[in-house]
Amino acid sequence: MKRKAVSLVLALTMVASVVAGCGSKQEEATTEPAATEDAAAEKTDAADTADAAAEAVDGDLADKKVGVCIYQFSDNFMTLFRTELQSYLESKGFKAENIKIVDGANDQATQSGQIDNFITEGVDVMIVNPVNSSSAATITDKVVAANIPLVYINREPDATEEQRWADENMDVTYVGCDARQSGTFQGEIIADLGLDAIDLNKNGKVDYIMVEGDPENVDAQYRTEFSVKALEDAGLEVNCLTDQVGNWQQDQAQQIVANALGQYGNDVEVVFCNNDAMAMGALQAIQSAGRTVGKDIYLVGVDALSEALEAVIAGNLTGTVFNDHFSQSHSAADAAINYLTGAGNEHYIGCDYVKVTQDNAQEVLDMVK
Ligand code: GAL
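Structure report, in brief.

**Concerning helix H15 (residues 325–341)**
Compared with an ideal rise of 1.5 Å per residue, which puts 17 residues at 24 Å, H15 spans 24 Å between its outermost C-alpha atoms and is within 8% of the ideal. Within H15, 15 of the 17 residues are buried, leaving the element largely enclosed by the surrounding structure. In this structure Asp 324 caps H15, since a side-chain oxygen of it lies 3.1 Å from the backbone nitrogen of Phe 326. Gly 342 occupies a position one or two residues after H15 and carries a positive phi of about 90°.

**Considerations on the pairing of strand S6 (residues 206–212)**
With seven of seven residues buried, S6 is to be regarded as a mostly interior element. Burial along S6 is two-sided: the face carrying Val 206, Tyr 208, Met 210 and Glu 212 and the face carrying Asp 207, Ile 209 and Val 211 are both buried. Across seven bridges, the pairing between S6 and strand S7 (residues 238–245) is parallel. For Val 211, the partnering residue across the bridge sits in S7 and is Gln 244.

**Brief notes about the site of the ligand**
If you check the shell around the ligand, you find Tyr 71, Asp 75, Phe 77, Asn 154, Arg 155, Asn 217, Asp 219, Arg 223, Trp 248, Asn 275, Asp 303 and Asn 323 and nothing else. Between the ligand and Arg 155, the relevant distance is 2.8 Å, taken from an oxygen atom to a side-chain nitrogen or oxygen of the residue. Side-chain polar atom of Asp 303 to an oxygen atom of the ligand: 2.6 Å apart, as the coordinates give it. Compared with its free state, where it exposes 310 Å², the ligand has 99% of that area covered by protein. Looking at the shell around the ligand residue by residue, the classes come out as three nonpolar, four polar and five charged.

Criteria and thresholds
Residues numbered from 1 in each chain as written. Predicted model: local features only at pLDDT ≥ 70, side-chain atom pairs only at ≥ 80, totals over all residues. Heavy atoms only, no water. Helix = DSSP H or I, 4+ residues; strand = E, 2+ residues; numbered from the N terminus. Expected span 1.5 Å × (residues − 1). Buried < 20%, exposed > 50% of the residue type's maximum accessible area, 1.4 Å probe, protein only. Polar contact = N/O pair within 3.5 Å; in protein donor to acceptor, adjacent residues only side chain to side chain. Pairing = 2+ DSSP bridges. Near = heavy atom within 4 Å. Areas by Shrake-Rupley, 256 points an atom, 1.4 Å probe, with all protein chains shown as cover. Nonpolar A, V, L, I, M, F, W, Y, C, P; charged D, E, K, R; others polar.

Below is the structure:
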């Protein structure tokens, strides 16, 4: 994609940011819309600068080698991400044979071996989606020692690690969205329905089940915490029936939700899933139990996979949150290029999520397809 689509995302994002209250970073955007616009303008400037830099060195980029480590190829969202990353890198002048993308198979030892291989092969820049974010310090140390700039994506290392990049002036950055925002948007989608609609068992509370992604991943932690916080911030009382780990996987979520529906029956009013793959599994379980989303249960995910958007349009999913793989993959590639050109980067490069309901699902689907 598709500059047009990126601009549309930016436009949607600005609306979403202004409308919705969020965690600490988003609170600033909500209370000061002007600051959001400034940030958006800065973002555009940064993108333009990166474009200009890339155009200036297009010829040189053809000879540069980039090593990309993905935590697990079978992950739906990371498949969209890596496909877009590959095509964007090529559009920026990298030769296809100089872009090597490897599958960590959800095993940190495998990925560490792949990083060692990239170092031995002498890649010019690395883009890493860590299997375990807690391994970031070790990864950073060896990549930096080999004098290779490093762009982390999708799984954010902790604050101490990020501070070290700044303190030690390392060519290391992180590109990703703030998962607190996606959790907040999920909670707001539910809260906006109003207690009367949600509280089907009339106990005065929102009775929910939570299906979490990989617990080591900050996205899972924040989405879990902030989706519930958004309900509480809207003045709703909440009751967690069960909170279980589905590891981002559809089949695991299907099982968890089937069991929970068996155990808690009609008391389950809301199902929060940390991503859409799991929401699709939850939907299968909901339908098998004879329940109907939008009528006697509510369901939300994150990512805006095409199938999830189609489910939102059909009324089978209450809402989702667009996890912008276009913006994230382009920013990661631009950051890699900035290191190669000597322009350098900030140590944190953010992006915004977009809240998706029936109101805008078709628009988002047209954009991502
Ligand atoms: C999240 C995404 C999940 C999964 C995870 C992998 O941002 O929502 O679907 O891909 O990243 O780390």
